[in-house]
Each structure stands twice: as structure tokens, then as C-alpha cells.
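Letter by letter, the chains look like this.
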Amino acid sequence: MGIQKQGYLMARRPLMSQNRHGTYIYRKVVPQHLRPFLPAPYTGKRELIKSLETKDKRIAEKRMPAVEATFLKVLEQAALAHATQAPNVAADSNDPGHICSATPEEIAVQMAANDAYVEKALAAVIPADDFPTFYRTLGRFGLPVHSFVPFPTPDHEKTTPDATAVSSSGSGASINDVIGKYSLEAKANEQTVEGIRRDWQMLCDVAGLSLASPISAVTRKMVRDFKEILFTHPANTRVKEVMKLPIRERGAYAVKKGVPTLSKGSISLKLGKIQSICAFAANEGIIPENPAQGVSVKVSEEEKSLGKGVAYSADDLKAIFSHPVFAQEPWDHKAWLPILALYTGARLEELAALLLTDVKKDEGVWVLDLSPFDDSGKVVKRIKNYHSRRAIPIHKDVISLGFIQYIRERKAANDRQLFPLLKEVNGERVSEEFSNWWSDQRSVFGITDKRKKFHSFRHLFADLADRAGISLKTAFRLSGHSLNGLGQGGRYGNGLSIPEMAEAVNRIVVPVAVPGLEKEVSA
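Residues numbered from 1 in each chain as written. Predicted model: local features only at pLDDT ≥ 70, side-chain atom pairs only at ≥ 80, totals over all residues. Heavy atoms only, no water.

Peer 1: Which parts of the structure should I look at to understand the overall build of the chain?
Peer 2: In terms of helices and strands, the chain carries 22 helices and six strands. Scored against the burial criterion, the 523 residues of the chain give a buried share of 46%. Across the chain, contacts joining residues at least 24 apart in sequence account for 68% of those joining residues at least 6 apart. (Helix = DSSP H or I, 4+ residues; strand = E, 2+ residues; numbered from the N terminus. Buried < 20%, exposed > 50% of the residue type's maximum accessible area, 1.4 Å probe, protein only. Contact = heavy atoms within 4.5 Å.)

Dropping the structure here:
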């Protein structure tokens, strides 16, 4: 369908399907008159097809906007090439109503190559005061937006002529484009980029845009509306029942169900991601000014402290170690993950995603090799950042608990993962299921402090390392923190060798009895 009488663009959802192997692909039909004008390697093709390189629908849907934006640029190039050689408006196109039967792809082509025609046609079918709605809807489906459908700007937010010129020249950059450029310069990892895109998608849902929309379409009012909605948004954004609802209806859901809403700290983090991208775009001259500047949340020191995690206490450890999973034989991931977190300070996802090949000997020392790669060099795991890549010596207590024997048993079973029962489901992290289970055990442990989560093992490791006399620089390396926070002292030296780090790690003493330490297994 094309544009309906109300002025809304009812575009078909882009075609995403699975090939015979179950891998999702994205395909876009090319109008026949444009096929000869497509740039290489697409010249003459009837369809533009790209594999999304996943069999998981949720992951495919996350990757689709970037591919869609790329294909739209290809179509725009073809349209411009076509326009220089022959009129690309059909013989009957003098009738403004002709556009009503156009496909979204054809509208995109007309917009790219014949603005005057489209302006005339749109004016005939859309009331003048409905242009903002059309503008937002157009962007939502990733179609290019030009100056003939300007979003109205309040008088107090109008830019100077010079700034307007900058905006016009950079208006073609999509939100996705800017996030990509920002991520490259910031050297952000996949996890960080996903978080940025996720929060920007929420803003787009509020504003009626998409990640393929030009970033110049984002206004200060949109960011303010986003901030307002976040104050009533449910805190848990991974509940399918919640995320299926339109974003403006989720607040009512939270009230009806009595579920917690986002904390000020979480809201501040989400707005920070919007501000960072907008500031980058403004600094690069892509947009005239940062529409998110100054849109923030005031968080008191007390509220900040409530949002920070804290270490488990000795009493907490006793309660945790009394859990039935530590009495079962043999131990599975529900016992090994907390043990490894306690003695390494590693993040939950880092441990949950480990492969058997990540447990190895380095300079005669058993280590956990935390990296995103498998033995073939293929990226198969997520890590938080560059500093997260590290080798952690395995504490002698962990070896005494039978960890190396556990490795041998898993290899004998031809497993690939260290914890084969943990699987990535619907694009979630490998640790997702265990994380939810651990949260449910809080009542079993009798731990009521909401700041105490699995990450509290990481806080406790920092305390235990300090008590063991391990230097802050070595502790940072062991836990995968950036050394930049240590000032000039963190910039010099190559650090300790693996055997020296093993000696430091083995000085760590857990303040309570760990179940099973009487078992001794040769390594």
C-alpha cells in the first residue's frame, strides 16, 4: 500500500525469511527500471539479498536495520544514476494521486531523484498539519527524508542560518550510521554497541523513528518525551510480556502489575547514551547542535549508593555454601560458577561462556584464558572491553576442589563448552538463565540487601585481593579493569609474569569454610 488518506505511510514490513539451512536473510525487490543502474556488484539484479548470518530471529531482527539502510543507499544511488539519463517519473505521474499506489521502495526512489514531484504529490494527499506525522512514519520505515517534509521546530529551538546549513549537509546520516562511526572511534565492543542501539531503539519507539532515520530528525522534544516515559517504564526490559507492548503503554502495565520501574541511575545511563551519540554527531558537523544536551536526571548521592553493588559478607558466603547444589555430586555450573567468581573476580558472562579450550597451562600454571576467540581465531564470545582480555591463574583451592578433574570429564564427554547446560537462547547471553536462577535463590540464601547480586563476588574478590597484599595494578589486571584509573602509575611496566600472578592469587584466603576443600585432585 502507499499513502492512505489520513497521511500515514503504511509500508510493508521488510522481507526477512529463512533459507533452506534455517539462516535468516533480508531481501528487497528492486524496481525494474532501476536494475540496470544499480552499482556493482548489484547491477542488473532483481532483488538485493543479504544473509543476516544467524538462525536466531531476535538477533536477525537486530541486524536487519543496518542491512536495510545499506540497501536503501544502493537504491538511492541507482535512482540518481537513472535521473541523469532519463526521466524516472511514469507517464501518468502528473497526477499527484499516482504516489498513493507506490511501494515504499518506489517512494524512496522518487524522493531521491525527483523531490519536486514528490513534494507536489504529498501536498495533494496529506493535510499540511499532518506533515510531522508523515515525517516520523517515513523515518520509521527507513526511507530517506528530505527538506520538503520538515519537522516543525519550536521558535525557541530554531537554529541560526549557518547551523541550518550544517544540518542540511549532514542530514543524510542515519542514527545507525552515527552509532557505527562513534563506536569505531571509541573502539566500543559489541556488547556496548548493542546497549547503545537498544536504548536508541527505545527513543525511536517514542518518537516514531527507526535506527535508519536521519539523526537530524531527532529533536529536543523527542528526548524530553523519552526521559518522561522512562520514569514509568518497567525496570526489567527482558520480560517479553512487557516488551511486546507499545512503549507508551508499558507504564500503565507497571502500575497495574505493581512491578518496579527504572531507577534514576538506570534512566541516567540511558539518557547518557543518547547524549553521547548526539554530542558526537554535533561535534562532527552532522547536526547543528546536540538536541539531548542538558536533558538529564538529578541523582542524589544516597540514590547513587543504592544503585552500586556491594561485596558479599562472610555470613552471606556461609548461607550460599549451605545451598543444596554444593552437597550434590558431581558439581555442575550452579556450584562451579560461584566458586570461580569468588576466586577469580571474573564477570558472570565471562565465566558462563568459557570453552574447555580456555582452561589451559601457561608457563606451567593452570589459567582461565578470557578472550572472545576460540582456538581457530573465530569470535564466539562476548567480552566487555579490550582490558577484559586476560589470563587468570586458577587458585590452588579451586584445583583442590576438583576443577581439573571436571575439565577432564567434560572433554571425555566431547563437550565444547565448559558448562554445556548453559545455552544462548533467543539472542540472550549464555548466563541469562543462570542469572535469573541465582536471583531467585536470594530468598533461599536469606540475603535481603538488593544491592547484593552475583556481581557481589567481584566486589568481594577486590576486597580479598587487597587483604592479601596484592597491588592495585595487579588486582586491576586480574579483574579486567582498565589501568587508566590508576593515573600515570598504571601506564608503566609490563606487569607480573603468569607464575608471579599465580603466587599473588594463591595468597587470597576465603574467610569461611568452602565445602569440599578436603578433596585433593592431582593437576
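Peer 1: So what exactly am I meant to see when it comes to the sheet that holds strand E4 (residues 359-362) here?
Peer 2: Two pairing modes exist for strands in a sheet, parallel and antiparallel, and in both the strands are linked by backbone hydrogen bonds. Strand order in the open sheet formed by three strands is E4-E5-E6, and the pairing between neighbours is antiparallel. The sheet terminates laterally at E4 and strand E6 (390-393), the two strands that pair on one side only. Strand-to-strand, the axes of this sheet are offset by a mean angle of 45°, without reference to chain direction. In this structure, E4 lies alongside strand E5 (residues 365-370), joined through four bridges in antiparallel fashion. By the bridge assignment for E5, Val359 is matched with Leu368. (Pairing = 2+ DSSP bridges. Axes fitted to C-alpha atoms, helices over the stretch in contact; angles between N-to-C directions.)

Peer 1: I keep staring at the nonpolar core and nothing clicks. Help me out?
Peer 2: Soluble globular proteins: nonpolar side chains tend toward being buried together. If you look at the biggest cluster of nonpolar residues, it comprises 61 residues, and the most contacted ones within it are Ile339 and Phe403. A total of eight residues in this core trace back to one element, the largest contributor, which is helix H14 (residues 333-344). Other than its neighbours up to four places away in sequence, Phe403 contacts Trp336, Leu340, Val359, Leu368, Ile394, Val398 and Leu418. Core analysis: the second largest hydrophobic core is formed by 36 residues, Phe226, Leu230, Ile267 and Val297 among them. (Core = buried A, V, L, I, M, F, W, Y, C linked by side-chain atoms within 4.5 Å.)

Peer 1: What exactly am I supposed to notice about the side chain of Arg410 here?
Peer 2: With respect to the helices and strands, the residue Arg410 is situated in helix H17 (residues 403-412). What makes Arg410 buried here is its relative accessible area of 19%. Not counting chain neighbours up to four residues away, the residues in contact with Arg410 comprise Leu356, Asp415, Leu418 and Pro420.

Peer 1: Got a minute to help me understand the side chain of Ser456 in this structure?
Peer 2: Looking at the element boundaries, Ser456 is found in helix H20 (residues 456-467). With near-sequence residues (within four places) excluded, Ser456 lies in contact with Val310, Ala311, Tyr312 and Arg451.

Peer 1: Would you mind showing me how to read the confidence of the model for the chain here?
Peer 2: In this model, the chain carries an average pLDDT of 76, and 71% of its residues clear a pLDDT of 70 or more. Overall, residues 86-109 carries pLDDT values under 50, and its contacts beyond four positions in sequence, including any with other chains, amount to 52 contacts. Taken together, the stretch residues 519-523 has pLDDT below 50 and engages in 14 contacts with residues farther than four places along the chain or on a different chain. (pLDDT = per-residue confidence, 0-100.)

Peer 1: Please clarify how helix H18 (residues 432-440) should be interpreted in this entry.
Peer 2: Residues spaced three or four apart along an α-helix face the same direction, because each turn holds 3.6 residues. Among all positions in H18, only Glu432, Phe434, Trp437 and Trp438 are buried. Tucked into the core, H18 has its buried residues touching helix H13 (314-321), H14, helix H15 (348-352), helix H19 (442-445) and H20.

Peer 1: Can you walk me through helix H11 (residues 264-283) in this structure?
Peer 2: With 20 residues, H11 should reach 28 Å at 1.5 Å per residue; the first-to-last C-alpha distance of 28 Å fits that figure. Those residues of H11 that fall on the buried side of the exposure criterion are Ile267, Lys270, Leu271, Ile274, Ile277, Cys278, Phe280 and Ala281. (Expected span 1.5 Å × (residues − 1).)

Peer 1: Whenever I open this one, the packing of H14 against H20 confuses me. Can you help?
Peer 2: How two helices sit against one another is set out by the angle between their axes and by the gap between those axes. In contact at an axis separation of 7 Å, H14 and H20 are set at 35° when each is read in the N-to-C sense. In this structure, H14 uses Pro338, Ala341, Leu342, Tyr343 and Thr344 to contact H20, whose residues at the interface are Phe457, Leu460, Phe461 and Leu464. Along the lines of polarity and charge, the residues of the contact of H14 with H20 split into eight nonpolar, one polar and no charged. (Nonpolar A, V, L, I, M, F, W, Y, C, P; charged D, E, K, R; others polar.)

Peer 1: Just checking my understanding: could you explain unusual backbone geometry for this structure?
Peer 2: When glycine is set aside, most residues are seen to have a negative phi, and most peptide bonds are trans. In this structure, Pro41 follows Ala40 across a cis peptide bond, with omega equal to 10°. The linkage connecting Glu329 with the following residue, Pro330, adopts the cis geometry, with an omega of -10°. Among the structural elements, Pro330 can be located in the loop between H13 and H14. One non-glycine residue, Glu363, lies in positive phi territory at about 55°. Mapped onto the secondary structure, Glu363 falls in the loop between E4 and E5.

Peer 1: Sorry, what's going on with the packing of aromatic side chains here?
Peer 2: For the structure shown, the criterion picks out 19 aromatic pairs. For the ring pair Tyr312 and Phe457, a centre distance of 4.8 Å and an interplane angle of 70° mean the geometry is edge-to-face. Pair noted here: Tyr312 is in the loop between helix H12 (301-307) and H13 and Phe457 is in helix H20, with a separation of 145 residues, a long-range link. Here Tyr312 and Phe457 have matching classes, each one buried. Aromatic pair Phe434 and Phe454: ring centres 5.6 Å apart, planes at 90°, arrangement edge-to-face. Of this pair, Phe434 sits in helix H18 while Phe454 is found in the loop between H19 and H20, placing the two residues 20 residues apart along the sequence. The same class applies to Phe434 and to Phe454, which are both buried. (Phe/Tyr/Trp six-rings, centres within 6.5 Å; stacked < 30°, edge-to-face > 60°.)

Peer 1: It is not clear to me how the packing of helix H8 (residues 220-230) against H11 should be interpreted in this structure. Could you clarify?
Peer 2: Look at H8 against H11: their axes get within 10 Å of each other, and the N-to-C directions meet at 160°. Here H11 runs roughly antiparallel to H8, going by the angle between their axes. H8 and H11 meet at a crossing whose hand is right-handed. Side by side, H8 and H11 meet where Val223, Phe226, Lys227 and Leu230 of the first sit next to Ile267, Lys270, Leu271 and Ile274 of the second. (Parallel < 35°, antiparallel > 145°, perpendicular 65-115°, else oblique. Left-handed = near helix turned anticlockwise from the far one by under 90°.)

Peer 1: When you look at the environment of Glu350 in this model, what are you seeing that I'm missing?
Peer 2: Following the sequence through the fold, Glu350 ends up in helix H15. Look at Glu350 and you get buried, because its relative accessible area is 7%. Through-space distance from the C-alpha of Glu350 to that of Pro372 is 9.2 Å; in sequence the pair is 22 residues apart. Residues in contact with Glu350, not counting those within four places in the same chain, are Leu370, Ser388 and Arg390. A distance of 2.9 Å separates polar atoms of two side chains, one belonging to Glu350 and the other to Arg390. (Polar contact = N/O pair within 3.5 Å; in protein donor to acceptor, adjacent residues only side chain to side chain.)

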